[in-house]
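Each chain is listed here by its residues.
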Amino acid sequence: MTNKSRTVAMQIADALSSCGVQLVASLPDNWLMDVIQTIEQDDRFVHVPVNREESAIGLCSGAYMGAMGSAALMGASGFMTVIYAMTKINYTYEIPMFLMATLRGALGDHHKHHLSNGLYLLRVLDAINMRYQIIDKSEDIGLIARCYEHTRTFTRPMVVLFTRDLLRGGH
Amino acid sequence: MNYLECFRAIARHRTNEIVITSAGNSSQAWWEVTRDSNGSFYLDASMSLSTMFASGLALAQPELKIWAFMGDGAFAMNPGMLMVERQMNLPNLTHFLVSNRVYGATSNASLPNLEKNDYAAMARAMGLERVFEFRSIEALEHDFSLLNGGNAPGHTFVVLEVEPFSDKEQKLEQPPFDGPELKFRFGRHIERLTGADIFGYRI
């Protein structure tokens, strides 16, 4: 963990806490490991590592019905697997859902196997009329609170997409 | 045991439990035997996530007792959910796995490996300790108090071996609610029970 990535992870954790998020359900992505580790060690959160991304959708949706703030944290590939769960649970019942994912396949990604995420992730979001916010620099981490509030105001899911430059500092 | 008779027996033992049902026959059956329109969330629009939904609720409101139903068709899609349930080990959550060995919501289509699947053994292999299996109404009635103990030390997993719906039962009414109506009826019920503020405003 570099000083910069540790600072970014702490800023993300602080932003989540400021929204009233208590539950964070996660699956790993290498870019997210500092964020996950920071949340795991932060007493403000109950961190639940889940078996698959859809489980995070179920868990966070149920937490909402119990008045607990929550967020789901995952990689872009995992996000691509939750379209069914979100469009069924969160669209059908109008249950808000806040997600954070990696913007894989974009400029700066070193992994060729994320080609499909680069091609289709944003187009899939557009196809299901789901709002997203790309966060590329630490000065914009405060947007997490606005996005979280948007999910509650409009009772819709929304995803914040973190770039590699934000999470890994271009390393 | 007969699916509906099993659900009637469980409903007779219900006091103040909150219920989450799954896509398919469990929603039809629970609606048929209870007509509950407040304390039950019929999570029809979901395959395999009813117990995860219930876990989130149980975590958020630990004073509530939550029953979650799931068919073995849904279970087959996401058995790893038991790893998460065991990890959370919520004492106020009971997972009823309704095993009819078919995809009940899709005309009783066959499940993979249907004769050999041992759901209780799978649960124990994932470290669950409070695991029960019932194959008759008599056994269920006799031992139900063991499931529902108020001071259970952890998460409870119950396998109910039932017969698939008959052709006539397949025609039972589905819970009739639009999604948002179900959300608000259920959520307002939770708010009344707990004082929690789910929607941010009161009528």
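Refer to the structure presented above.
What counts, and at which threshold
- Residues numbered from 1 in each chain as written.
- Chains lettered and ligands numbered in written order.
- Predicted model: local features only at pLDDT ≥ 70, side-chain atom pairs only at ≥ 80, totals over all residues.
- Helix = DSSP H or I, 4+ residues; strand = E, 2+ residues; numbered from the N terminus.
- Rg over C-alpha atoms; globule rule 2.2 N^0.38 Å.
- Contact = placed C-beta atoms within 7 Å.
- Buried ≥ 20, exposed ≤ 12 C-beta atoms within 10 Å, placed from the backbone.
- Core = buried A, V, L, I, M, F, W, Y, C linked by C-beta atoms within 7 Å.
- Axes fitted to C-alpha atoms, helices over the stretch in contact; angles between N-to-C directions.
- Parallel < 35°, antiparallel > 145°, perpendicular 65-115°, else oblique.
- Left-handed = near helix turned anticlockwise from the far one by under 90°.
- Nonpolar A, V, L, I, M, F, W, Y, C, P; charged D, E, K, R; others polar.
- Pairing = 2+ DSSP bridges.
- Right-handed = clockwise from strand over helix to strand, strands pointing away.

(A) Structural view of the overall build of chain B. For chain B, the helix and strand inventory stands at nine helices and eight strands. In terms of C-alpha radius of gyration, chain B reaches 16 Å, essentially the compact-globule figure of 17 Å for 203 residues. Oriented by its inertia axes, the alpha-carbon framework of chain B measures out at about 50 × 40 × 30 Å. Across chain B, contacts joining residues at least 24 apart in sequence account for 76% of those joining residues at least 6 apart.

(B) A look at the overall build of chain A. Across its full length, chain A carries eight helices and six strands. The C-alpha atoms of chain A give 15 Å as radius of gyration, which agrees with the globular expectation for 171 residues (16 Å, within 12%). Each principal axis of the C-alpha atoms in chain A carries an extent, and together these give about 40 × 35 × 30 Å. Of all 171 residues assigned to chain A, the portion counted as buried reaches 50%.

(C) How the structure looks around the nonpolar core. Core analysis: the largest hydrophobic core is formed by 114 residues, its most contacted members being A:Ile57, A:Cys60 and B:Leu97. Once residues within four sequence positions are removed from consideration, A:Ile57 is found in contact with A:Ala72, A:Val82, A:Ala85, A:Met86, A:Ile89, A:Met97 and B:Leu49.

(D) Quick peek at the packing of helix 3 (residues 50-60) of chain B against helix 5 (residues 81-88) of chain B. Residues and elements named next belong to chain B. Relative orientation of the contacting elements helix 3 and helix 5 amounts to 15°, with a least axis distance of 10 Å. As the angle between them shows, helix 3 and helix 5 are arranged roughly parallel. Considering how the two elements wind past one another, helix 3 and helix 5 form a crossing that is left-handed. Residue-level contacts link Thr51, Met52, Ser55 and Leu59 of helix 3 to Met81, Val84, Glu85 and Met88 of helix 5. Residues of the contact of helix 3 with helix 5, tallied by class, amount to five nonpolar, two polar and one charged.

(E) Expanded view of the environment of B:Ala9. Residues and elements named next belong to chain B. Relative to the assigned elements, Ala9 resides in helix 1 (residues 3-12). In this structure Ala9 comes out as partly exposed when scored by C-beta crowding, with 19 C-beta atoms within 10 Å. The spatial distance from the C-alpha of Ala9 to the C-alpha of Phe144 is 9.4 Å, given a sequence separation of 135 residues. For Ala9, the contacting residues outside a window of four places in its chain are Ile137, Leu140 and Glu141.

(F) Summary view of the interface of chain A and chain B. With 27 residues of chain A in contact, the opposing surface of chain B contributes 30 residues. Top contributing element to the side of chain A that touches chain B by residue count: helix 3 (residues 53-65) of chain A, with ten residues.

(G) Inspection of the sheet that holds strand 5 (residues 131-135) of chain A at higher detail. Residues and elements named next belong to chain A. If you trace the six strands from one edge of the open sheet to the other, you get 2-1-3-4-6-5, paired in parallel fashion. Only two strands of the sheet have a single neighbouring strand rather than two, namely strand 2 (46-49) and strand 5. Each strand of the sheet is rotated relative to its neighbour by a mean of 20°, with strand direction disregarded. Where strand 1 (residues 21-26) meets strand 2, four bridges bridge the pair, whose relative direction is parallel. Bridge pairing in strand 2 links Ala25 to Val48. Strands in contact with helix 3 are strand 1, strand 2, strand 3 (69-74) and strand 4 (97-102); relative to strand 3, the strand with the most contacts, it is inclined by about 170°.

(H) Looking closely at the pairing of strand 5 of chain A. Residue and element names in this part refer to chain A. Alignment of strand 5 against strand 6 (residues 157-162), held across five bridges, turns out to be parallel. Along strand 6, the bridge assignment pairs Ile134 with Leu161. Crossover connection from strand 5 via helix 7 (residues 143-154) to parallel strand 6: handedness right-handed.

(I) Representation of the sheet that holds strand 8 (residues 156-161) of chain B. Residues and elements named next belong to chain B. As summarised here, the arrangement of the six strands in space is 2-1-3-4-8-7, forming an open sheet in which the pairing is parallel. Either end of the sheet is taken by a strand with one partner, and the two such strands are strand 2 (40-42) and strand 7 (130-134). Neighbour-to-neighbour, the strand axes of this sheet turn through a mean angle of 15°, independent of strand direction. Of the pairings in the sheet, the one linking strand 4 (residues 93-99) to strand 8 comprises six bridges and is parallel in character. Bridged to His95 within strand 8 is Phe157. Relative to the sheet, helix 7 (residues 137-147) contacts strand 4, strand 7 and strand 8, its axis offset from that of strand 7 by approximately 165°.

(J) How the structure looks around the pairing of strand 1 of chain A. All names here are of chain A. For strand 1, the tally of buried residues reaches five of six residues, placing the bulk of the element in the interior. By the bridge criterion, five bridges tie strand 1 to strand 3 in an arrangement that is parallel. Each residue of the ladder has a partner; that of Val24, found in strand 3, is Ala71. Considered for its hand, the β-α-β crossover made up of strand 1, helix 2 (residues 33-40) and strand 2 is right-handed.

(K) Examining the environment of B:Arg124 more closely. All names here are of chain B. As for its position among the elements, Arg124 is in helix 6 (residues 119-125). For Arg124, a count of 14 C-beta atoms within 10 Å translates into the label partly exposed. With 26 residues separating them in the primary sequence, Arg124 and Val98 have C-alpha atoms 17 Å apart.

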